[in-house]
Amino acid sequence: MERFSKTTVIILVIYMATAMIVSPTGSINAAHSAILLCLDAIIPALFPFFVCSNLLISLGVARYLSRCFTPLTKLLFGVSGSGALPVVLGIISGYPVGASCTAQLYSTGNCTKTEAQRLLAFCNNSGPLFILGAVGIGMFNNQKIGVLLYISHILSAIIVGMLFKHYGTTPHTLSLPPSVPNKPASVFSGITDALSDAISSILKVCGFVILFAVFTSVLPQYKGHEFIYALTEITGGIKALICCNQLGNFLLPAISFFLAFSGISVMMQVAGIVIPHGLSLKTYALGKILQGLFSFALTYILQIVFPVASPVFMPDGNIYTYPILSPRELFATALLCITFGLITILIMLIIGWIADKFYDE
C-alpha cells in the first residue's frame, strides 16, 4: 500500500509538472488567481479566527467553557465542555478553523485524543459567508437557496457529531500531551504563541489553495469532469456543476454534498494542521462523507417542503425550479447516494491513508 501511494503521488506530480511546462499560461493564471483569492478573501476571513481561537485556548477560556458546557456537550457529542469552542467556531467561521481549534485543544491538554478525533468528525464546516454569500447570492442570485444549503449543512454536521458520540474507548479524563503545562499562559506569551500558530496555519492553507488551483487547471476537460473538479476543490467545482446544468432535481443536493464533503483541497489543509499534532485524518474523512450524504438527503427534502418563492436564473439563462418528486425519483436518489457514497468512501480512505503516511514520515 505504501508503494502504491508513493507511486500515485509521483505520477500526479509528474503529470502536473508536465502539463505546466506544455501549457504554462493556464497554470500561471490559476496560481495568480489563487494568490489573489488568498489575499482578498482567505487571509482576511480566516486569520483573525485562527488568532482568536488560539488565544482563547492559551488564556484558559477553553477550561472555563469545559466547566460550563460539559453536561451539554457530553450528552450530545461525548466530549468535554471545551469542545464547545471548535463547534461554535466551526459553525460561524469556515474551513479549516474548526480543525485548527481542535488540534490546539488537544496539544494544550484541554481534551483527550479520543475527544479530539470525535470533534474532527463534525466541527470543521463551511462558513455562512461562503454558503450564503458566495453560493446563494453570488452563484444562484438567490439568498433563500443559501439559507437552505446552510441549514442542511449545519444540521448534517450535528447529526454526524451525535453519531460519533461513542467513537473510541478512551475515558473522559484530561490527558495532557507530553511537555504541555496544564495552566493558562500569560497574556504576552499567549498573544505571541497565538500569532505564531495562526501564521503557520494560514500559510499551510494558502499553500494548499494555490497548489490545488494549479492542479485543477491542468485537469483534462471531459464529460463529467465537474464531479472530479468538485471532489478536488469546492469553489470552482460548484461553479462548474451550476454551469453544466445537467443535474435537474439533483443540482442543489449535489452542491450540498460537496459543501459538506469539503473537497480534497480542504482535507489536505486539515491534514497539514492536525497530523503534526498527532491526530489521525480517518475520523475526519469518515465524518465528512457521512455529513455529505446527510446533507444531500436533507437538501433534497427541504427543497420540496420549502420551495423558493421566486425562480432562480441559471448562468445559461434557464430557470431552475423545485418540482414535486415521484417515488421512482426518490428511489433513484437513494441508489445515487449509496453508489456515490461507496465510491467516495474508497477514495477518501486511500487519501487519508496516504496523508497519514506522508506526515508520519
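What counts and what doesn't
- Residues numbered from 1 in each chain as written.
- Predicted model: local features only at pLDDT ≥ 70, side-chain atom pairs only at ≥ 80, totals over all residues.
- Heavy atoms only, no water.
- Helix = DSSP H or I, 4+ residues; strand = E, 2+ residues; numbered from the N terminus.
- Buried < 20%, exposed > 50% of the residue type's maximum accessible area, 1.4 Å probe, protein only.
- Contact = heavy atoms within 4.5 Å.
- Areas by Shrake-Rupley, 256 points an atom, 1.4 Å probe, with all protein chains shown as cover.
- Axes fitted to C-alpha atoms, helices over the stretch in contact; angles between N-to-C directions.
- Parallel < 35°, antiparallel > 145°, perpendicular 65-115°, else oblique.
- Left-handed = near helix turned anticlockwise from the far one by under 90°.
- Nonpolar A, V, L, I, M, F, W, Y, C, P; charged D, E, K, R; others polar.
- Polar contact = N/O pair within 3.5 Å; in protein donor to acceptor, adjacent residues only side chain to side chain.
- Phe/Tyr/Trp six-rings, centres within 6.5 Å; stacked < 30°, edge-to-face > 60°.

Enquirer: Help me understand the overall build of the protein, please; the structure alone is not making it clear to me.
Expert: On a plain count of helices and strands, the protein comes out with 15 helices and two strands. Burial statistics for the protein: of 361 residues in total, 49% are counted as buried. Here the analysis covers contacts within the protein between residues at least 6 apart in sequence; of these, 80% occur between residues at least 24 apart. Total accessible area computed for the protein in this model is approximately 16,800 Å², and 72% of it derives from carbon and sulfur atoms.

Enquirer: I tried to follow unusual backbone geometry on my own but got confused; where do I start?
Expert: Among all residues save glycine, negative phi is the norm, and among peptide bonds the norm is trans. Its identity as a non-glycine residue notwithstanding, N141 has a phi of 60°, on the positive side. Along the chain, N141 falls in the loop between α7 (128–139) and α8 (143–163). Positioned with a positive phi, S262 is a non-glycine residue whose angle comes to about 85°. Its location among the elements puts S262 in the loop between α12 (251–261) and α13 (263–274). With relative accessibility at 1%, the residue S262 sits in the buried group.

Enquirer: I tried to follow the packing of helix α5 (residues 97–107) against α13 on my own but got confused; where do I start?
Expert: Any two packed helices are characterised by the angle at which their axes cross and by the distance between the axes. Following both chains from N to C, one finds α5 and α13 inclined at 15°, their axes separated by 9 Å at the closest point. The pairing of α5 with α13 is recorded here as roughly parallel in orientation. Note that α5 runs across α13; the crossing there is right-handed. The residues of α13 that touch α5, namely those facing A99, S100 and A103, are V270, I273 and V274. Considered class by class, the residues forming the contact of α5 with α13 number five nonpolar, one polar and no charged.

Enquirer: Help me understand the side chain of S27 in this model?
Expert: Checked against the element boundaries, S27 lands in helix α2 (residues 24–58). A polar side-chain atom of S27 sits 3.0 Å from the main-chain carbonyl oxygen of P24.

Enquirer: Looking at this model, I keep getting lost on the packing of aromatic side chains. Mind explaining?
Expert: Here a ring pair, both rings aromatic, is described through the centre-centre distance and the interplanar angle of the planes. Summed over the entire model, instances satisfying the criterion amount to seven aromatic pairs. Here F164 and Y167 contribute two aromatic rings whose centre-to-centre distance is 6.2 Å and whose plane-to-plane angle is 50°, an arrangement assigned as tilted. Relative accessible area serves as the criterion here: at 6%, F164 is assigned to the buried category. When the ring of F250 is compared with that of Y300, the centres are 5.6 Å apart and the planes differ by 25°; the resulting orientation is stacked. Of the two residues, F250 is situated in the loop between α11 (234–244) and α12 and Y300 in helix α14 (residues 282–305); the sequence distance between them amounts to 50 residues. Here a set of aromatic residues connected by ring pairs shows up, and it is made of F227, F257, F258 and F261.

So far we have only geometry, and geometry alone does not tell us how the molecule works.
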